[in-house]
Amino acid sequence: MTECIFCKIVAGLVPATVVWSNEKFIAFYDIHPKAKIHVLIIPKHHIESLNHITDADSDWLGDYFLAIQEVAKALNLSHYQLRFHNGAGSGQEVFHLHAHLLQH
Ligand code: AMP
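A few points on the structure. (Residues numbered from 1 in each chain as written. Predicted model: local features only at pLDDT ≥ 70, side-chain atom pairs only at ≥ 80, totals over all residues. Heavy atoms only, no water.)

What follows deals with the site of the ligand. In the region of the ligand, 17 residues are neighbours, and Asp30, His85, Glu93, His98 and His100 sit closest. At 2.8 Å, a side-chain N or O of Lys34 approaches an oxygen atom of the ligand. Gly91 is positioned with one of its backbone polar atoms (N or O) 2.8 Å from an oxygen atom of the ligand. Coverage of the ligand by the protein chains reaches 89% of its 500 Å² of free accessible surface. Those elements giving two or more residues to the shell around the ligand turn out to be α1 (5-10) and β2 (25-29). (Near = heavy atom within 4 Å. Polar contact = N/O pair within 3.5 Å; in protein donor to acceptor, adjacent residues only side chain to side chain. Areas by Shrake-Rupley, 256 points an atom, 1.4 Å probe, with all protein chains shown as cover. Helix = DSSP H or I, 4+ residues; strand = E, 2+ residues; numbered from the N terminus.)

Okay, the pairing of strand β1 (residues 18-21) next. Taken together, the three bridges between β1 and β2 define a ladder with antiparallel strand orientation. Bridge pairing in β2 links Val18 to Phe28. Hairpin connection between β1 and β2: a loop of three residues separates the two successive antiparallel strands. (Pairing = 2+ DSSP bridges.)

On the surface, a nonpolar cluster with roughly 260 Å² of combined accessible area is contributed by Phe65, Tyr80 and Leu82. The residue Leu82 is located in strand β4 (residues 81-83) in this model. The partly exposed category is assigned to Leu82, whose relative accessible area is 35%. (Patch = residues over 30% accessible without salt bridge, like charges linked within 9 Å, V, L, I, M, F, W, Y side chains within 5 Å. Salt bridge = Lys/Arg side-chain N within 4 Å of Asp/Glu carboxyl O. Buried < 20%, exposed > 50% of the residue type's maximum accessible area, 1.4 Å probe, protein only.)

With that out of the way, let us pick up the pairing of strand β5 (residues 99-103). A large share of β5 lies buried, amounting to five of its five residues. Burial of the side chains of β5 extends over both faces: Ala99, Leu101 and Gln103 are buried on one face and His100 and Leu102 on the other.

The next point concerns the sheet that holds β4. Here five strands make up an open sheet; going across it, the order is β1-β2-β3-β5-β4 and the pairing antiparallel. Edge positions in the sheet fall to β1 and β4, since each of these pairs with one other strand and no more. Strand-to-strand, the axes of this sheet are offset by a mean angle of 20°, without reference to chain direction. Across five bridges, strand β3 (residues 37-43) lies against β5 in antiparallel orientation. Looking at the pairing, Val39 lines up with Leu101 of β5. (Axes fitted to C-alpha atoms, helices over the stretch in contact; angles between N-to-C directions.)

Before going further, it helps to examine the side chain of His100. One can find His100 in strand β5. Overall, His100 belongs to the buried group, its relative accessible area being 9%. In this structure the side chain of His100 is engaged in a polar contact, spanning 3.5 Å, whose partner is the side chain of His98. Discounting chain neighbours no more than four positions away, the residues touching His100 are Asp30, His38, Val39, Leu40, Gln81, Leu82, Arg83 and His85. (Contact = heavy atoms within 4.5 Å.)

Below, the structure written as structure tokens:
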């Protein structure tokens, strides 16, 4: 079984407050929010970070940003920040690609 906490959320083995999902992506509230609204948007398949994407990932990456837009719409947000941590030196703690969507 995977040790990835976000894969466990995708599999329904760890609870999360889901904001939005489709067949490829899922968005849920960050368990330790750093802003008034703090949601994480992840691909359902495991990929460590943006540093790990290749040409083979180009087919779903556009859909990823459309999914982020759908999450913002579902939350009724017209403005927000996006943050990606890439690598431990940047503060990345969970090694499953995620966008932090923040509204302070
Ligand atoms: P990062 O530092 O970019 O790797 O961010 C990982 C984020 O995941 C942190 O903001 C954590 O608070 C959040 N997090 C870790 N475990 C969970 C969980 N089980 N449910 C929701 N958010 C989580």
